[in-house]
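What follows is the residue order along each chain.
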Amino acid sequence: MTIQDLPVVADCVPAAWLPDHHAGAFRSFFERSGVCVAWLDRVQRIENANDEFVRRLGRHGRDVRGRELREFLHTDDAARVSRRLGELSADPGGRVSERVSSAPYRGGSVRGELTGVAVADRTGTTEGVIVLVELDDAEPDSPFSAARRQPLSELDARILEGVGAGVSTMQLAATLYLSRGGVEYHVKSLLRRFKVKNRPALISKAYSTGVFRMGLWPPRVSAEHVR
């Protein structure tokens, strides 16, 4: 019996992603609500994924299958997670766990606990890895949620970009035709909005929540976060 021939064990998670002799062992994982599940081949390409996994990445199945898992992880996590999952090739039946964030997509990013479980074939050789990601509970007042509900003003976006680029208060004031006090007022407002205490934390939060576009210098706020 092939992987594709196995029956469905839950509404959206086929046991077909597992060899038949492992389907029962992983049944409880598949039946857990809110868990994202994917089956990776030996080189960490996504061969299949449940609807929750695809949906929380904000994509379509055709955009996910056949691509490496690391493409969908935040740049701070991709190499580390790829290395840990690679260790499973020599450890049939082994598992690893890592905290991860997804790569920002359309301004969004999700975080959670990733568990990789090596699945061995009948000869004892690792034939793939089941990946389960249990997402953190949504924070209704998180900076990301707030940013989506209340986009930044054009002025706040420019100030946030300036802070991210290390521009001084005086330079920002001169560039934006504000007083020094006016710039400080907007910076303090941003600190409260993002629930952080200082400028470095503000920059980090802007990147981690997808407000800043990845891979650009100087930093740029995503258009969808500006009203």
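Below you will find a few notes about this structure. Please read these numbers as outputs of a predicted model, since none were measured by experiment.

From N to C terminus, the protein includes 9 helices and 5 strands. Counting from the amino terminus, the protein carries its helices and strands in the arrangement α-β-β-α-α-α-β-β-β-α-α-α-α-α. Looking at the protein as a whole, 47% of its 227 residues qualify as buried. The contacts of the protein with a sequence gap of at least 6 include a subset with a gap of at least 24, amounting to 47%.

Right, let's talk about the pairing of strand β5 (residues 126-135) for a bit. A large share of β5 lies buried, amounting to 9 of its 10 residues. Looking at chain direction, strand β1 (residues 35-40) and β5 are connected through 6 bridges and run antiparallel. In the sheet register, C36 faces β5, and the bridge partner there is V133. For strand β4 (residues 111-120) and β5, the ladder comprises 9 bridges, and the chain directions are antiparallel. Bridged to L114 within β5 is V133. Connecting the antiparallel pair β4 and β5 is a turn made up of 5 residues, with G124 showing a positive phi of about 90°.

With that settled, the discussion passes to the packing of helix α6 (residues 154-164) against helix α9 (residues 199-208). Following both chains from N to C, one finds α6 and α9 inclined at 110°, their axes separated by 9 Å at the closest point. One way to sum up the angle between α6 and α9 is to call them roughly perpendicular. When the axes of α6 and α9 are compared, the crossing they make is left-handed. Between α6 and α9, the residues in contact are L160, V163 and G164 and R199, L202, I203 and A206, respectively. Here the residues of the contact of α6 with α9 are counted per class, giving 5 nonpolar, 1 polar and 1 charged.

Applying the stated rule across the entire model yields 11 salt bridges. Between R80 and E98 there is a salt bridge, and its shortest N-O distance comes to 2.4 Å. Residue R80 is located in helix α4 (residues 75-86), and its partner E98 is located in strand β3 (residues 95-101); the two are separated by 18 residues in the primary sequence. As a salt-bridge pair, E161 and R158 come within 2.8 Å of each other at their nearest N and O atoms.

Rules used throughout
Residues numbered from 1 in each chain as written. Predicted model: local features only at pLDDT ≥ 70, side-chain atom pairs only at ≥ 80, totals over all residues. Heavy atoms only, no water. Helix = DSSP H or I, 4+ residues; strand = E, 2+ residues; numbered from the N terminus. Buried < 20%, exposed > 50% of the residue type's maximum accessible area, 1.4 Å probe, protein only. Contact = heavy atoms within 4.5 Å. Pairing = 2+ DSSP bridges. Axes fitted to C-alpha atoms, helices over the stretch in contact; angles between N-to-C directions. Parallel < 35°, antiparallel > 145°, perpendicular 65-115°, else oblique. Left-handed = near helix turned anticlockwise from the far one by under 90°. Nonpolar A, V, L, I, M, F, W, Y, C, P; charged D, E, K, R; others polar. Salt bridge = Lys/Arg side-chain N within 4 Å of Asp/Glu carboxyl O.

None of the figures reported here should be taken as evidence of function without further support.
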